[in-house]
Amino acid sequence: MGTTAMNPWIYEVPGRFGFHQTMNPDVYQGLWGGSKCRVSLSQVVDRTCDCQDGKCSASDKYIEQMEDLLRYSLPKKIAGFVAEYAQGVGGVIQMPRGFLPQAYELVRQRGGVCIADEVQTGFGRTGDHFWGFQSAGVMPDIG
């Protein structure tokens, strides 16, 4: 399961059988998001949101969607979760504040390992931290 994957528009045939993709937690163009959802001050969003200081309502909605995927589309045990904290192909877009810690918790509750995809946008390109996942305050099992 993951939030990072090659979109179906790249290939004309189905692929990745057994791999499920949760909704992309994109506060720019996704269903939910806004100006207070980002950890980075450099990524300004013109959308307004109803987030309170330190609590992102968009993140909660994306987590609810992930919980639905886990509850209704996957077995009780999963192998892992691959996430790219700052999604490169999507425009170097950070996940909403608080999403990744909650997602990792859900995955680990089901026996899965958390895998950080840092090749394109992490790996020394995130400012204060060497790895992107450090901005989210998480530690992946595989990085």
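Residues numbered from 1 in each chain as written. Predicted model: local features only at pLDDT ≥ 70, side-chain atom pairs only at ≥ 80, totals over all residues. Heavy atoms only, no water.

Peer 1: Could you give me a rundown of the packing of helix 1 (residues 57–73) against helix 2 (residues 99–109), with the residues and numbers involved?
Peer 2: Where helix 1 contacts helix 2, the axes come no closer than 10 Å and their chain directions differ by 20°. When the interaxial angle is binned, helix 1 and helix 2 end up roughly parallel. With respect to the hand of their crossing, helix 1 and helix 2 are arranged in right-handed fashion. Two secondary-structure elements touch here, helix 1 through Ser-59, Asp-60, Tyr-62, Ile-63, Met-66, Glu-67 and Leu-70 and helix 2 through Phe-99, Gln-102, Ala-103, Leu-106 and Val-107. Of the residues that constitute the contact of helix 1 with helix 2, the class distribution is eight nonpolar, two polar and two charged. (Axes fitted to C-alpha atoms, helices over the stretch in contact; angles between N-to-C directions. Helix = DSSP H or I, 4+ residues; strand = E, 2+ residues; numbered from the N terminus. Parallel < 35°, antiparallel > 145°, perpendicular 65-115°, else oblique. Left-handed = near helix turned anticlockwise from the far one by under 90°. Contact = heavy atoms within 4.5 Å. Nonpolar A, V, L, I, M, F, W, Y, C, P; charged D, E, K, R; others polar.)

Peer 1: Can you tell me about the nonpolar core, naming the residues and giving the values?
Peer 2: With 27 residues, the main nonpolar core has Met-66, Phe-81, Phe-99, Leu-100 and Tyr-104 as its most contacted residues. Counting residues per element, the ones that place at least two in this core are helix 1, strand 1 (80–83), helix 2, strand 4 (113–116) and helix 3 (132–136). Once residues within four sequence positions are removed from consideration, Leu-100 is found in contact with Phe-81, Ala-83, Tyr-85, Met-95, Ala-136 and Val-138. (Core = buried A, V, L, I, M, F, W, Y, C linked by side-chain atoms within 4.5 Å. Buried < 20%, exposed > 50% of the residue type's maximum accessible area, 1.4 Å probe, protein only.)

Peer 1: Go over the pattern of salt bridges with me, naming the residues and quoting the values.
Peer 2: Evaluated as defined, the whole model comprises two salt bridges. Its salt-bridge partner being Asp-68, residue Arg-71 comes within 3.0 Å of it at the nearest N-O pair. With Arg-71 and Asp-68 both in helix 1 and three residues apart, the pair spans about one turn of that helix. The salt bridge involving Asp-141 is made with Arg-108; its shortest N-O contact spans 3.2 Å. Placement of Asp-141 in the segment after helix 3 and of Arg-108 in helix 2 is noted, with a sequence separation of 33 residues between them. Residue Asp-141 is classed as partly exposed on the basis of its relative accessible area of 43%. For Arg-108, a relative accessible area of 38% gives the class partly exposed. (Salt bridge = Lys/Arg side-chain N within 4 Å of Asp/Glu carboxyl O.)

It is worth stressing that arrangement in space is one thing and function is another; only the former is reported here.
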